[in-house]
Structures are given as structure tokens and as C-alpha cells.
Amino acid sequence: VHLLDAIGVEDRPASLKTLAAATGLHPPPARRILAALASHNLVERTEAGHYQLGVKLLSLASRVQERVDLRREALPIMERLRSALGETVNLTVREDAEVVYVERVSSHKTIRVEQVIGSRAPLHVTAVGKLFLAHDGVAACLAYARRTGLPAYTANTLINAEQLWQAALCALHQGYALDNEEAELGVGCIGVPVWDTSGDMVAGLSISALVQRRRDEWIPQVIEAGMQLSGRLGYHT
């Protein structure tokens, strides 16, 4: 990280000597670290043997910007949904085999369900996660099941690969998915997909509540909120 910072403050490609001095590293370990960064395209070495930031950082920065825009577009929609239904609304994205909670609008109720922003959960125990698995297709879903072993979080967690795929497929056809106390006892969720302009599922909106307070009548409103956000991201049916 220090080497990347040192390269970033330079106006032109920097020499190994300059970077070692800036970071307090001896040249040999600095060279090894730079070589490792270069192998992942995070750093590039010029013909003169100097170092500059790599093209992969542009891609990563673009992904961060997309998420910033996603959160900005999502927040007013999430606030309206919370006001209409009175429960906590979450925005999640996918990272590999997990969903990550990137925004939240909390319920004003004294007893409420909340997920910490930045927290993670396996795909198979969340409503939105099932939709991501469905979007990937049956082969990818079954591969996920083999790779993770589908650990049980509660007695309701789907730990059979075929049952998980059927639940995911049903969710995709319905346009929404449920978490029926599969991640946490006493908590139920309704999740819907968020699509981008190319028709890829890039995020999910979900409403979380104590399971005895969750209502099926909310489903159309949650679906509509997901479609509103998808529309803001350029998606057209």
C-alpha cells in the first residue's frame, strides 16, 4: 500500500531508488513487492525500469465509482420504501460467494432488524443471494454448493444443493426471493434484483423485519422499488 501511495504522488514514473527512499524500504524487498504488484497489473514497469500505477487500478476505481453512484441513486428510493412499510431496507452487492451490505435505511421501530454496513453473508442464506445464484444459472449454483458446502446458519437454511437451486429458480421467475429465518432465527426478508443498463444483476434491495411482522402484501412495493432503482441505472424492460 505504501508503495502504491508513493507511486501515486509522483507526476511521472518513479525509480526503485525513489520509491525505496519514500517508503523506508530497502531496495531488494521493495523490488520484490513491486514485482508482485506488477504480476497483478496493479503496477507497470516502464522500458526505463521505472514504476507507474497499473491499468487494473483504473478498473477497480471504476467499480468503486459505480458503487458510489449506486448508493446515491438507491438512497431516496430506500427511504421511500422504509416510510411506506416501516421496516429496515438494505442495499447489497455481490462479492464472490457473499453479499455485502453497502447501504441501509433503518426502521424507526424500537425493535428492528439491522445489518451493519460492510457486513457480509453467504449467498444461500439471503433473499438477494438466491437471486444472484439464479442469475448465474444451474451449473454455477451447484458449483457454489459444492465449493461452500452450504453451511447451516439456522435449522431453516437450505443445505441441499437441488433444493437451493429450485428455490433460486422460483425466485427468479417470481421476481423476488424470501429469507425465511435462514440466516437468523426470528428474521424474515424480501429481496428483489437490481439490474443495470446491460441487463446484469448488479445489486439487490431487501426489506428485513421480525418474521411475525413481515407481510406478503409488501412484495409488489419492494419489486417496484427495485425496478425504480434499475431504471435509474439505465435498465429498460
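Everything in this summary refers to the structure shown in the same document. Keep in mind it's a predicted model, so treat the numbers as computed, not measured.

Quick notes on the environment of L3
Now for step 1: Inspection of the secondary structure puts L3 in helix α1 (residues 2-8).
Now for step 2: With relative accessibility at 3%, the residue L3 sits in the buried group.
Now for step 3: Along the sequence, L3 and R232 sit 229 residues apart, while their C-alpha atoms lie 38 Å from each other.
Now for step 4: With residues near it in sequence (within four places) discarded, L3 still touches L19, T23, L25, A30, I33 and L34.

Some points on the pattern of salt bridges
Side-chain pairs of opposite charge can arise where the charged atoms are in close proximity.
Now for step 1: Counting across every chain of the model gives 10 salt bridges.
Now for step 2: When the shortest N-O distance is used, the salt bridge between E182 and K130 registers 2.9 Å. Of this pair, E182 sits in the loop between β6 (177-180) and β7 (187-195) while K130 is found in helix α5 (residues 127-136), placing the two residues 52 residues apart along the sequence. Both residues of the pair, E182 and K130, count as buried.
Now for step 3: Look at the salt bridges and you will find they share partners, linking D69, R72, E73 and R232 into a network.

Describing the pairing of β6
Now for step 1: Residues A177 and D179 of β6 are buried on one face, while the alternating residues L178 and N180, pointing to the opposite face, are not.
Now for step 2: Across 4 bridges, the pairing between β6 and β7 is antiparallel. Across the sheet, residue A177 finds its bridge partner in β7, namely G191.
Now for step 3: Hairpin connection between β6 and β7: a loop of 6 residues separates the two successive antiparallel strands, and E181 in this loop has a positive phi of roughly 55 degrees.

So, the sheet that holds strand β8 (residues 201-210)
Now for step 1: Across the sheet, 6 strands lie side by side as β5-β4-β3-β8-β7-β6; this open sheet has antiparallel pairing. Each of the sheet's edge strands pairs with one partner strand only, and the pair in question is β5 (120-122) and β6. Strand-to-strand twist across the sheet, computed as the mean angle between neighbouring axes with direction ignored, equals 30 degrees.
Now for step 2: As paired elements, strand β3 (residues 88-95) and strand β4 (residues 98-105) share 7 bridges and run antiparallel to each other.

Digging into the packing of helix α2 (residues 16-23) against helix α3 (residues 27-39)
Now for step 1: Relative to each other, α2 and α3 sit at 105 degrees, their axes nearing to 9 Å. Overall, the two elements α2 and α3 adopt an arrangement that is roughly perpendicular. Here L16, L19 and A20 of α2 lie close against α3, whose contacting residues are P27, A30, R31 and L34.
Now for step 2: Considering only residue class, the contact of α2 with α3 consists of 6 nonpolar, no polar and 1 charged.

Thoughts on the nonpolar core
Now for step 1: Among the nonpolar cores identified, the biggest contains 28 residues, and V99, L123, F132, L133, Y144, L164 and M201 are the most heavily contacted of them.
Now for step 2: Mapped by element, the contributors of at least two residues to this core are β4, α5, α6 (138-148), α7 (161-174), β7 and β8.
Now for step 3: Of the residues forming this core, the biggest block, 6 residues, is contributed by α5.
Now for step 4: Excluding its chain neighbours within four sequence positions, the residues that come into contact with V99 are T92, V93, R94, S119, R120, A121, L123, T126, V128, G129 and F132.
Now for step 5: Of all hydrophobic cores here, the second largest spans 25 residues; its members include L81, V89, V192 and L229.

Topic: the layout of surface pockets
Now for step 1: Considered as a void within the structure, the second largest pocket measures approximately 180 Å³ in volume.
Now for step 2: What lines the second largest pocket is a set of 17 residues, and nearest its centre among them are Y101, Q115, T126, D179 and C189.
Now for step 3: Those elements giving two or more residues to the lining of the second largest pocket turn out to be β3, β4, β5, α5, β7 and β8.
Now for step 4: Looking at the lining of the second largest pocket residue by residue, the classes come out as 8 nonpolar, 6 polar and 3 charged.

Each value, and the rule that gives it
Residues numbered from 1 in each chain as written. Predicted model: local features only at pLDDT ≥ 70, side-chain atom pairs only at ≥ 80, totals over all residues. Heavy atoms only, no water. Helix = DSSP H or I, 4+ residues; strand = E, 2+ residues; numbered from the N terminus. Buried < 20%, exposed > 50% of the residue type's maximum accessible area, 1.4 Å probe, protein only. Contact = heavy atoms within 4.5 Å. Salt bridge = Lys/Arg side-chain N within 4 Å of Asp/Glu carboxyl O. Pairing = 2+ DSSP bridges. Axes fitted to C-alpha atoms, helices over the stretch in contact; angles between N-to-C directions. Parallel < 35°, antiparallel > 145°, perpendicular 65-115°, else oblique. Nonpolar A, V, L, I, M, F, W, Y, C, P; charged D, E, K, R; others polar. Core = buried A, V, L, I, M, F, W, Y, C linked by side-chain atoms within 4.5 Å. 1 Å grid on protein atoms, 1.4 Å probe; cavity = no way out; pocket = protein on both sides within 12 Å on 5 of 7 lines; lining within 4 Å. Points joined across faces, edges and corners; volume = space filled by probe spheres on them.

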